[in-house]
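Structural characterization, general
Chain by chain, the residues:
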Amino acid sequence: MRLGVNIDHVATVRNARGSAYPDPVRAAKLAEKAGADGITAHLREDRRHIMDEDIDRLIAELEVPLNFEMAATEEMQTIALRHKPHAVCIVPEKREEKTTEGGLDVAGDDNRLARFVAPLVEVGSRVSMFIDADARQVEASKRIGAAVVELHTGAYCDLHYEGRFQDRDAELKRLTEMAAYAHSLGLEVHAGHGLTYDTVTPIAALPEVMELNIGHFLMGEAMFVGLEASIAEMRRLMTAARTVDA
Ligand code: PXP
């Protein structure tokens, strides 16, 4: 199972002051050294964290694959086609949201998304749709030509921290079923959003999930223990979850 480290929030701290530091590319390289299998960065329309030059530098300087997260807009498609990143993850984006709330409505926008995704696939990027654990969204992702679905774990994590354990377990059941269903359709399955040391184990234990993308918690934890240590502990938990499952 791969660990993709999302470095957006190093840029959030940098941009809070409009300074040149901390540098998200430095964090990406450190994450690479600490064993990250890939780096994820989300270039938002409002450039609130990652900026265009960060993407240029990540493409030029990284050794591990870049997972370029973006909204399905013409501007972002042009940027992705210029860089041809290893992976592109299409996410819904609202200007006023704090973070990506909920998955993309692929089923409700399938004709447009099919046309949007085709040129990205053509230049060799693995296209992933960030969706809720919902059979209609899984089926639509397959239909429009995506190779990957990333299941949104945000609701599961929120319910855990709200202490709503029955609802959390119901969401985990949906994630479990949809991971298996997506895999049965030939889609590669990833998962992410909101994952922490407390919540990662049941998700990492899902046998069809090939990659987790984790950022905010790892960066916060890095303030206390350093990035290499926070990544190492997350990796340890992921490996342990897989071992128990086997
Ligand atoms: N996966 C996707 C598609 C995301 O949008 C995000 C957040 O940018 C993540 C994973 C990582 O979420 P978090 O920063 O909460 O770990």
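Going by the structure above, here's the rest.
Worth saying up front: this structure is predicted, and the values here are computed from it rather than measured. (Residues numbered from 1 in each chain as written. Predicted model: local features only at pLDDT ≥ 70, side-chain atom pairs only at ≥ 80, totals over all residues. Heavy atoms only, no water.)

1. With respect to the overall build of the protein chain
If you tally the helices and strands in the protein chain, you get eleven helices and eight strands. Since a compact globule built from 246 residues should have a radius of gyration of about 18 Å, the 17 Å found for the protein chain is in line with a globular shape. If you line up the protein chain on its principal axes, its C-alpha atoms span 45 × 40 × 35 Å. By sequence separation, contacts in the protein chain at least 24 residues apart represent 67% of the contacts at least 6 residues apart. As displayed, the protein chain offers around 11,300 Å² of accessible surface, 53% of which is attributable to carbon and sulfur atoms. Each charge sign in the protein chain was given a centre, from 28 positive and 41 negative side chains, and these centres are 1 Å apart. (Helix = DSSP H or I, 4+ residues; strand = E, 2+ residues; numbered from the N terminus. Rg over C-alpha atoms; globule rule 2.2 N^0.38 Å. Contact = heavy atoms within 4.5 Å. Areas by Shrake-Rupley, 256 points an atom, 1.4 Å probe, with all protein chains shown as cover. Lys, Arg positive; Asp, Glu negative; His and termini not counted. Charge placed at Lys NZ, Arg CZ, Asp CG, Glu CD.)

2. Description of the nonpolar core
Counting residues in hydrophobic clusters, the biggest one holds 73 residues, and the most contacted among them are Val5, Ile39, Leu58, Ile90, Met129 and Leu212. Those residues in contact with isoleucine 90, other than ones at most four positions away along the chain, are Met70, Ala72, Leu104, Phe116, Leu120, Val127, Ser128, Met129 and Phe130. (Core = buried A, V, L, I, M, F, W, Y, C linked by side-chain atoms within 4.5 Å. Buried < 20%, exposed > 50% of the residue type's maximum accessible area, 1.4 Å probe, protein only.)

3. Section: the sheet that holds strand β5 (residues 126-131)
The strand order around the closed barrel formed by eight strands is β1-β2-β3-β4-β5-β6-β7-β8, and the pairing between neighbours is parallel. Neighbour to neighbour, the strand axes of the sheet diverge by 25 degrees on average, direction disregarded. Taken together, the four bridges between strand β3 (residues 66-70) and strand β4 (residues 87-90) define a ladder with parallel strand orientation. Bridge pairing in β4 places phenylalanine 68 opposite valine 88. In the packing of helix α4 (residues 74-83) onto the sheet, contacts are made with β3 and β4, and the angle to β3 comes to roughly 165 degrees. (Pairing = 2+ DSSP bridges. Axes fitted to C-alpha atoms, helices over the stretch in contact; angles between N-to-C directions.)

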